[in-house]
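Inside the fold
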Number of protein chains: 2
Amino acid sequence: MGKELTSREQDYSQWYNDLVIKGNLADYSAVRGCMVIKPYGFALWENMRDVLDKMFKDTGHQNAYFPLFVPKSLFEAEEKNAEGFAKECAVVTHYRLKNDPNNKGKLMVDPEARLEEELVVRPTSEAIIWNTYKGWIQSYRDLPLLINQWANVVRWEMRTRLFLRTAEFLWQEGHTAHATAAEAIEETRKMLDVYANFAENWMALPVIKGVKSPNERFAGAEDTYCIEALMQDGKALQAGTSHFLGQNFAKAFDVKFSDKNNKLDYVWATSWGVSTRLIGGLVMAHSDDDGLILPPRIAPIQVVIVPIYKGEEQKALIDATVLPIIAKLKALNISVKYDDADNNRPGWKFAEYELKGVPVRIAVGARDLENKVVEIARRDTKEKTTVSIEGIDAYIKQLLEDIQQQMFNKAKAFRDEHITPANTWDEFVHILDTKAGFVSAHWDGTAETEDKIKELSKATIRCIPLDNQLEEGICILSGKKSTQRVLFARAY
Amino acid sequence: MGKELTSREQDYSQWYNDLVIKGNLADYSAVRGCMVIKPYGFALWENMRDVLDKMFKDTGHQNAYFPLFVPKSLFEAEEKNAEGFAKECAVVTHYRLKNDPNNKGKLMVDPEARLEEELVVRPTSEAIIWNTYKGWIQSYRDLPLLINQWANVVRWEMRTRLFLRTAEFLWQEGHTAHATAAEAIEETRKMLDVYANFAENWMALPVIKGVKSPNERFAGAEDTYCIEALMQDGKALQAGTSHFLGQNFAKAFDVKFSDKNNKLDYVWATSWGVSTRLIGGLVMAHSDDDGLILPPRIAPIQVVIVPIYKGEEQKALIDATVLPIIAKLKALNISVKYDDADNNRPGWKFAEYELKGVPVRIAVGARDLENKVVEIARRDTKEKTTVSIEGIDAYIKQLLEDIQQQMFNKAKAFRDEHITPANTWDEFVHILDTKAGFVSAHWDGTAETEDKIKELSKATIRCIPLDNQLEEGICILSGKKSTQRVLFARAY
């Protein structure tokens, strides 16, 4: 019965792949490093996207769409940004195929259709967008410009993993322009708060808000803010970033505005993004050895109803009870699937919806009807309860909220248990190797030490938490003075 | 005051560009043939997309996402399809840039990062999708497979026009798989009906449903169904297509299923799509020399309210009246913008919202308040009416419906007047040159004659209408026998 899953203990990485593929979220494709997002996975992404989109609009942003391609000369204009992405760019060099004269029925790139200037497939859109903003911004009246784009981007990563790191992925990228540095920094932090709110209250994923060290900054940014989450194997996952770009792109693309006194100055910028990578984090933070566990607020199916019956007559009786329940749940905006397909047994269906992480399962048998009850199973704890049909809609609504909250609480307890202080190098390495999670340790603030720590331990500075306390101490590696602890972890 | 627009009579093509650019729908970009969809244009597209997406889901389809890139060997597998698109393919050949040793600060394509197999940027996704379906379809239980994708595609067109023909565009593409030819044909026609319903009832755009002649078929299709609309200059616009693909792609990608008797057969396919091109059609079908005219059901802003006042005191009185009106309209799901910015005069705002095609404008002056009335202007007819504030919400709701209906009626009357029968070649050419529109004429059914007619007149067969009456006649060009009239037109 059911599909064989690898357990977390056996092979965490294989467990993750099994869940993604057998849980019908995504599939490998014929294109190296690119995935197919299957309907169930895409429905999850649509729910996430819709919530985020509303948050962006509620904070004054509008959507727009910019070209997929970036001419090389624009791409290289902001040098740090270009340097940061140059090694992972897919490049279009030709615009035509022709019949291959040496290979009947086959095509070849037409050497005569070479582009005068190569086009980079966008790995991120600052360059093409700031080149456009130049034509849109003249005066302080044009500011702030608050734009978001939902798009596909391509980064030619050497090692890819479904959702977590793929050559093509879907994301949103906000790109805003402001009259002052203070306004831009406020925007950067506001969008970080939006991401944290989304992660914690919709994805049930506790996150730490922080600032990246210079080494881990987005290429071309003055400051990168991030939210960091913890997976069940103790590795960290960067779940979203919000960048204060200073005037770097405005200078690279010569975007100036005249202020109220007619003084010209360069515009201040931010950019911020989250991607389909979040789905990978969602899977790894919550799921168990029986499959996915999806938080009710973004689950494509919140409730599945499975009838247990013999013969048409019993089925008709069950239908008569179930259909009004469905109507009541839908009236509460609860998404319900009634799986009365007769080609699979109830046990198979139970396993299937456990695998798919549907938060609540209702089983309805003929005997239940006599007692006017149904059996309810929650996916997260696997508890089963017999519940009266009377008032079941309110019960389910409350149950979904409880599950959402409990998933968050559980993930938060795990995360909090896995923030461990280390005061010496040996402690640091020992924690990483035995307990994993975040390690809170003193660092001397230099890029050199950071690089050395990464080289020796494979741990990176995930962030300097925003609410960090200043505290005098000694760097775990160099022994030099330090003013605060930062969070290290091995990461995805 | 306002932005200078070219009139239709002066230069229809320039009028269109003016509306798109000055109406803030789109902008040119730094990438040849690619456009930027501006926030106002994108809000329009979002409204269209949301309506269509719901229609697709209501007819049983699910969304998914497939890779942007198609390896050349997959692309060429269905030969007719490949041949049809080969000449307009953007091709990725390299995956890395490096510093240009001869040009400090500049990048070059790294010749050592050449892909083993070139990747075509999808001009359409049949190849990558049918290659995936091979892994998803084994049995009749897996059918029908009803999937849609919202995506960007690239076709390297030589002559581009904003929205109508751009190198990159946004669209949706449905790709379905069925057990029988009959089911696939039924799906093809059902989705054509969805498109026609959307065009007529949301875009207020009357369309003719028909079948393409073999010459105009989608490359790789057995039959292409289409909806054809008429623009104000008498040229036709293909607004959507739905293809019956037979078993062509199933054979090219070896996608077989076992039926209930365990007999293996190739799967039957359809694909269907509409794109941002629809926005171009919308602009050209309805707008006038003062700007866009958008149908209420998809307009980003349905009602704009402009206050007319002197001083803070009057403004406060107007606010006290306007804010409750806004609340009432919003309660009816009507999107309202209150433009009380003090940096532009009312006259400027009137022109601006006329240019942007906002269906209803409400002007509120201090004197109006005394009389408890406001002035309402409808964009389509430019009629102004003084209306009592009491009950204004119901009035506006009805007015929006009236405008929607009247826009359709007007476009339909124009379209119907521009379907002209021609019985001789001279008549045919005369109609095209003087009146334009659709010309209903006999054609002998051969590709040769069709090509010749196109060469001589620049008119193509737009479609053979689905509700066509059979009628004996004589081909306007060849004089050979014909069994029915078909619709010709010059087209976008």
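Residues numbered from 1 in each chain as written. Chains lettered and ligands numbered in written order. Predicted model: local features only at pLDDT ≥ 70, side-chain atom pairs only at ≥ 80, totals over all residues.

Description of the overall build of chain A
Helix and strand counts for chain A stand at 14 helices and 26 strands. The C-alpha atoms of chain A give a radius of gyration of 26 Å, which matches the 23 Å a tight globule of 492 residues would have. Each of the three principal axes of chain A carries a C-alpha extent, and together these read 80 × 70 × 55 Å. The buried share of chain A, reckoned over its 492 residues, is 48%. Expressed as a percentage of contacts within chain A between residues at least 6 apart in sequence, the contacts between residues at least 24 apart total 68%. (Helix = DSSP H or I, 4+ residues; strand = E, 2+ residues; numbered from the N terminus. Rg over C-alpha atoms; globule rule 2.2 N^0.38 Å. Buried ≥ 20, exposed ≤ 12 C-beta atoms within 10 Å, placed from the backbone. Contact = placed C-beta atoms within 7 Å.)

Here we look at the interface of chain B and chain A
Across the contact, 55 residues belong to chain B and 55 residues belong to chain A. The element contributing the most residues to the side of chain B that touches chain A is strand β5 (residues 91–94) of chain B, with four residues. In the side of chain B that touches chain A, the residues fall into 32 nonpolar, ten polar and 13 charged. Note: strand β5 (residues 91–94) of chain A against β5(B), three bridges, orientation antiparallel. Considered in β5(B), the bridge of His94(A) is made with Val91(B). (Nonpolar A, V, L, I, M, F, W, Y, C, P; charged D, E, K, R; others polar. Pairing = 2+ DSSP bridges.)

Section: helix α9 (residues 311–331) of chain B
Residues and elements named next belong to chain B. For α9, which comprises 21 residues, the first-to-last C-alpha distance of 30 Å matches the rise-based estimate of 30 Å (1.5 Å per residue) to within 8%. Taken as a whole, α9 carries its principal kink of about 25° at aspartate 319. Along α9, the positions that sit buried rather than exposed are Ile318, Val322, Ile325 and Leu329. Considering only its buried residues, α9 is in contact with β17 (303–308), β18 (336–338), β19 (360–365), α11 (366–371) and α12 (392–417). Residue asparagine 333 follows α9 closely and has a positive phi angle near 65°. (Expected span 1.5 Å × (residues − 1). Bend = angle between axes of the 7 residues up to and from the residue.)

A closer look at the relation of the copies chain B and chain A
Expressed as a screw operation, the relation of chain B to chain A combines 0.0 Å of axial shift with a rotation of 180°, fitting to an RMSD of 0.0 Å. The transformation relating the two chain copies, once decomposed into turn and shift, fits a two-fold axis. Across chain B, the smallest distance between a C-alpha and the rotation axis is recorded for Val92(B), namely 2.1 Å. Looking at the interface residues of chain B, 100% of them are also at the interface in chain A, so both copies use one shared face. (Least-squares fit on C-alpha atoms with pLDDT ≥ 70 in both.)

Comments concerning the environment of Gly210(B)
All names here are of chain B. Tracing the backbone shows glycine 210 in strand β11 (residues 208–211). Taking the C-alpha atoms as reference points, glycine 210 and leucine 487, separated by 277 residues in sequence, lie 9.3 Å from one another. Ignoring sequence-local partners within four residues, the contact set of glycine 210 consists of Cys226, Glu228, Cys463, Ile464, Pro465, Leu466 and Leu487.

Concerning the sheet that holds strand β17 (residues 303–308) of chain A
Backbone-to-backbone hydrogen bonds pair the strands of a sheet. The strands run either parallel or antiparallel. Residue and element names in this part refer to chain A. Spatially, five strands are ordered β18-β17-β19-β20-β21 in an open sheet, and the strand pairing comes out mixed. Only two strands of the sheet have a single neighbouring strand rather than two, namely β18 (336–338) and β21 (384–388). Adjacent strand axes in the sheet meet at a mean angle of 25° when their direction is disregarded. When strand β20 (residues 373–378) meets β21, the two strands line up antiparallel, connected through five bridges. Its bridge partner lying in β21, valine 374 is registered against valine 387. (Axes fitted to C-alpha atoms, helices over the stretch in contact; angles between N-to-C directions.)

Structural notes on the sheet that holds strand β8 (residues 114–121) of chain A
Taken together, the six strands give an open sheet; going across it, the order is β4(A)-β8(A)-β5(A)-β5(B)-β8(B)-β4(B), and neighbouring strands pair in antiparallel fashion. Looking at strand neighbours, the two that pair on one side only are β4 (69–71) of chain A together with β4 (69–71) of chain B, the edges of this open sheet. Shown here is a sheet whose adjacent strand axes are inclined to one another by a mean of 45°, direction ignored. As judged from the three bridges shared by β5(B) and strand β8 (residues 114–121) of chain B, these two strands associate in the antiparallel manner. Bridge pairing in β8(B) places His94(B) opposite Arg114(B).

Considerations on the nonpolar core
Formed by 309 residues in total, the largest nonpolar core has its most connected members in Ala199(A), Leu205(A), Ile227(A), Ala229(A), Ala199(B), Leu205(B) and Ile227(B). Residues contacting Ile227(A), with those up to four places away along its chain left out, are Leu192(A), Tyr195(A), Ala196(A), Ala199(A), Val207(A), Ile208(A), Lys209(A), Ala239(A) and Gly240(A). (Core = buried A, V, L, I, M, F, W, Y, C linked by C-beta atoms within 7 Å.)

Looking at unusual backbone geometry
The amide bond that connects Leu143(A) to the next residue, Pro144(A), takes the cis arrangement and shows omega of -10°. Examined against the element boundaries, Pro144(A) turns out to sit in the loop between α5 (126–136) and β9 (145–154). Unusually for a residue other than glycine, Asn333(B) sits at a positive phi of about 65°. Within the secondary structure, Asn333(B) sits in the loop between α9 and β18. With phi around 65°, Lys458(B) is a residue other than glycine that occupies positive phi space. Tracing the chain through its elements places Lys458(B) in the loop between α14 (447–457) and β24 (460–465).

Details of helix α6 (residues 181–201) of chain B
Residues and elements named next belong to chain B. Between its terminal C-alpha atoms α6 stretches 30 Å, which fits the 30 Å expected from 21 residues at 1.5 Å a residue. Residues of α6 that are buried include every one of Ala184, Glu187, Thr188, Met191, Leu192, Val194, Tyr195, Ala196, Phe198 and Ala199, and no others. Contact partners of the buried residues in α6: α2 (39–58), β10 (168–178), β11, β12 (223–230), β13 (236–246) and β16 (268–275).

Structural notes on the domain arrangement of chain A
All names here are of chain A. Per the domain assignment, the segments of chain A are domain 1 (12–286), domain 2 (303–399) and domain 3 (419–489). Between domain 1 and domain 3, the C-alpha centre-to-centre distance is 29 Å. Facing 16 residues of domain 1, the contacting portion of domain 3 comprises 15 residues. Those elements that place two or more of their residues in the side of domain 1 that touches domain 3 are β11 (208–211) and β12 (223–230). In terms of residue count, the dominant contributor to the side of domain 1 that touches domain 3 is β11 (four residues). Among the residues making up the side of domain 1 that touches domain 3, the classes are represented as six nonpolar, four polar and six charged. (Domains from an automatic or database assignment.)

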